[in-house]
Amino acid sequence: MFNACPRCGLSQGETEFDPSGFHVCARCGDRRPHRRLPLMLVGGPAGAGKSTCGALLVGRVTEAVILESDLLWRPEFNTPEDGYHNYFSLWLRLAAHISQSGRPAAVFGAGFAVPHSVEPLPERALFSTVHYLGLVCDEEELGRRLSRRPRWKDHEDRERLVAEHARFNRWLKANAAAAAPPVTLIDTTNRPAEETAAEVAAWIRQKVSSCGLRVSS
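Below: a short report on this structure. Bear in mind the structure is a predicted one, so any value in this text is a computation, not a measurement.

## Comments concerning the side chain of Thr188
Structurally, Thr188 can be placed in the loop between β7 (184-187) and α6 (193-210). Take Thr188: its relative accessible area is 3%, and that puts it in the buried class. With sequence-adjacent residues up to four places away left out, Thr188 is seen in contact with Ala48, Leu135, Val136, Cys137, Arg145 and Thr196.

In structure tokens, the structure reads:
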């Protein structure tokens, strides 16, 4: 799967599939096989434990490719007015490319536990299903964790940043169950990082196995 049709060169915008699951070029009708695998997205506020958990799972979870979303973050992606459209679109295209090797992706990043940022995108069609997991935390503990971060401690906007992630933490807790699709939550307040990582690993494995996908280590 590439962003341009290998036959006619048309840049692939809206994704089209025929009934047998082949990717179809809208201009020339070229059909290319495409693996529509599940996608796992793990989000939550800064300080809830996403990065620590993801780092613990790299090399340990072989059922999916573990990815840290901050790797691709650039200032030009900071567009809250359109829901960070280009950032999420880029990540979905990258995850879909990885899926063509037969192994689904699990992406860890703050906003990735928000279905309404992902589900309307054209690239959503590249996956059989998308599963959402949110890590949350007690608000006071979240503030303590963020205040201890070296790069936040002396930041001139530290209070604003802490408040922003506290609001997101509250939003996830209030809206996860009613989201479409629902977001599974894990509260990391009183859990050691290893325990949280083990639960996230079990969640990833369950979602991979539920679609009948067998992935060898």
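## With respect to the pattern of salt bridges
Scanning the entire structure with this criterion turns up 12 salt bridges. The partner of Arg205 in a salt bridge is Glu63, with the nearest N and O atoms 3.1 Å apart. Placement of the pair is Arg205 in helix α6 and Glu63 in the loop between α1 (50-57) and β4 (65-68), with a sequence separation of 142 residues. Between Arg191 and Glu195 there is a salt bridge, with its nearest N and O atoms 3.9 Å apart. Residue Arg191 is classed as partly exposed on the basis of its relative accessible area, which comes to 30%. According to the relative accessible area criterion, Glu195 is partly exposed, its value standing at 41%.

Calculation criteria
- Every residue gets a number counted from 1 within its own chain, in the order that chain's sequence is written.
- Given that this is a predicted model, residues contribute local features only at a pLDDT of at least 70 and side-chain atom pairs are listed and counted only at 80 or more, while totals for whole chains, interfaces and linings are drawn from all residues.
- Calculated side-chain values reflect all of the structure's heavy atoms, with hydrogen atoms and water omitted.
- By the criteria applied, helices consist of DSSP H or I runs no shorter than four residues and strands consist of E runs no shorter than two, each listed in order from the N terminus.
- Relative accessibility decides the category of a residue: with a 1.4 Å probe and only protein chains considered, values under 20% of the type maximum give buried, values over 50% give exposed, and everything between is partly exposed.
- Two residues qualify as a contact provided that any one of their heavy atoms is within 4.5 Å of a heavy atom in the partner residue.
- A pair is scored as a salt bridge if a Lys or Arg side-chain nitrogen falls within 4 Å of a carboxyl oxygen belonging to Asp or Glu.

Function cannot be inferred from these measures alone, as they are strictly geometric.
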